[in-house]
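Given next are the chains, with one letter for each unit.
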Amino acid sequence: MVNTEVWTSLATSLAQKNVTLVAVSKTKPVADIQELYDLGQRDFGENYVQELVEKQAVLPQDIRWHYIGHLQSNKVKFIAPFVHLVHAVDSFKLLQEINKQAEKNNRIINVLLQVFIADEETKFGLSNKEVIELMDYYEAQKDELRNVHICGVMGMATNTEDEQQVRAEFDQLFAVFTNLKQSYFLGKAYFNTCSMGMSSDYDIAIDAGSNMVRIGSMLFGARSYNN
Ligand SMILES: *Cc1c(COP(=O)(O)O)cnc(C)c1O
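Basis of the calculations
Residues numbered from 1 in each chain as written. Predicted model: local features only at pLDDT ≥ 70, side-chain atom pairs only at ≥ 80, totals over all residues. Heavy atoms only, no water. Helix = DSSP H or I, 4+ residues; strand = E, 2+ residues; numbered from the N terminus. Rg over C-alpha atoms; globule rule 2.2 N^0.38 Å. Buried < 20%, exposed > 50% of the residue type's maximum accessible area, 1.4 Å probe, protein only. Areas by Shrake-Rupley, 256 points an atom, 1.4 Å probe, with all protein chains shown as cover. Salt bridge = Lys/Arg side-chain N within 4 Å of Asp/Glu carboxyl O. Contact = heavy atoms within 4.5 Å. Near = heavy atom within 4 Å. Polar contact = N/O pair within 3.5 Å; in protein donor to acceptor, adjacent residues only side chain to side chain. Nonpolar A, V, L, I, M, F, W, Y, C, P; charged D, E, K, R; others polar. Arc of directions from axis to C-beta.

Peer 1: I'm lost on the overall build of the protein chain in this one. Help?
Peer 2: Helix and strand counts for the protein chain stand at nine helices and eight strands. For a compact globule of 227 residues, the expected C-alpha radius of gyration is about 17 Å, and the protein chain comes in at 17 Å, within 12% of that figure. Within the protein chain, the fraction of its 227 residues that count as buried is 48%. Of the accessible surface of the protein chain, which amounts to about 11200 Å², a share of 48% is contributed by carbon and sulfur atoms.

So this is what it looks like as structure tokens:
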């Protein structure tokens, strides 16, 4: 069940703050997506390739699809023709594959580097050191990587009630974003996205500098994975 009142007030307040709302529709039916689309929502997030491909085929073509899950290199080709932003690049190999598939489709694919900020072992992402390593590879091969734009960073905070910890983790991610901008992307207008914040912590994330939040359950209700 879509919570249209929540969407309306959230979309309004985020627009005032220049924060992009990505409605995370994973596991939810196309009818729910269409309902938010009809209200004006255009950015939707999914985290399974097959589910995304099936939904993209039947929904309006001007939806901006965000791939927010862990992406395997051998699946990039399925979403390369249409994906708007890949949020979770966590290896140079994946970046190269996205570039290759973007070139085949004669387009530029926008990506974010996923940075590991949480105090949990289950979350994917690059450590600060790995971010620098990836950027060194990128710098060395920039001329070949013309079909991919690194537009910023994405991260997930620890799932905890401790708001100070969540805030500290988001502060850390925002610092990575600022440092990357200064060290590698000065003058590159496309490097402009700090994707952090979900249903439970988006207000803290925005305080810490987020300009893109990924919100699922608050809009679509709790997810059930058995159907
Ligand atoms: C599922 C998911 C979200 C949305 O989570 P909610 O708690 O439902 O808002 C955000 N980001 C990523 C990467 C996700 O996988």
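Next comes the rest of the account.
Peer 1: It is not clear to me how the pattern of salt bridges should be interpreted in this structure. Could you clarify?
Peer 2: A side chain with one charge may pair with a side chain of the opposite charge, provided their charged atoms come close. The tally for this structure, following the rule as stated, stands at eight salt bridges. Here Lys55 ties to Glu51 by a salt bridge, and the two come within 2.7 Å at their closest N and O atoms. Of this pair, Lys55 and Glu51 both sit in helix 3 (residues 49-58), separated by four residues, roughly a single helical turn. For Lys129, the salt bridge is made with Glu133, and the minimal N-O distance between the two is 3.5 Å. With a gap of four residues between them, Lys129 and Glu133 both fall in helix 6 (residues 128-140), about one helical turn apart. Classification of Lys129 as exposed rests on a relative accessible area of 61%. According to the relative accessible area criterion, Glu133 is partly exposed, its value standing at 37%. Salt bridges sharing common partners tie together Glu46, Glu51 and Lys55.

Peer 1: What's the story with the side chain of Ser73 in this structure? I'm lost.
Peer 2: By the element assignment, Ser73 lies in the loop between strand 3 (64-67) and helix 4 (76-79). With sequence-adjacent residues up to four places away left out, Ser73 is seen in contact with Lys93, Leu94 and Glu97.

Peer 1: I'm lost on the site of the ligand in this one. Help?
Peer 2: For the ligand, the full set of nearby residues is Val24, Lys26, Ile68, Met154, Met156, Met198, Ser199, Arg214, Ile215, Gly216, Ser217 and Arg223. At 2.7 Å from an oxygen atom of the ligand is found a main-chain nitrogen or oxygen belonging to Ser217. Relative to its unbound accessible surface of 390 Å², the ligand loses 90% to contact with the protein. Residue classes in the shell around the ligand are distributed as six nonpolar, three polar and three charged.

Peer 1: Would you mind going over helix 3 with me for this structure?
Peer 2: For the α-helix, the turn length of 3.6 residues means that residues three or four positions removed from each other point alike. Within helix 3, burial applies to Val49, Glu51, Leu52, Lys55 and Gln56. For helix 3, the angular spread of buried residues about the axis comes to 160 degrees, placing them on one side. More than 90 degrees from the buried face of helix 3, the exposed residues found are Gln50, Ala57 and Val58. In the core, the buried residues of helix 3 are packed alongside helix 2 (30-39), strand 2 (43-46), strand 3 and helix 4.

Geometric values such as these leave the question of function open.
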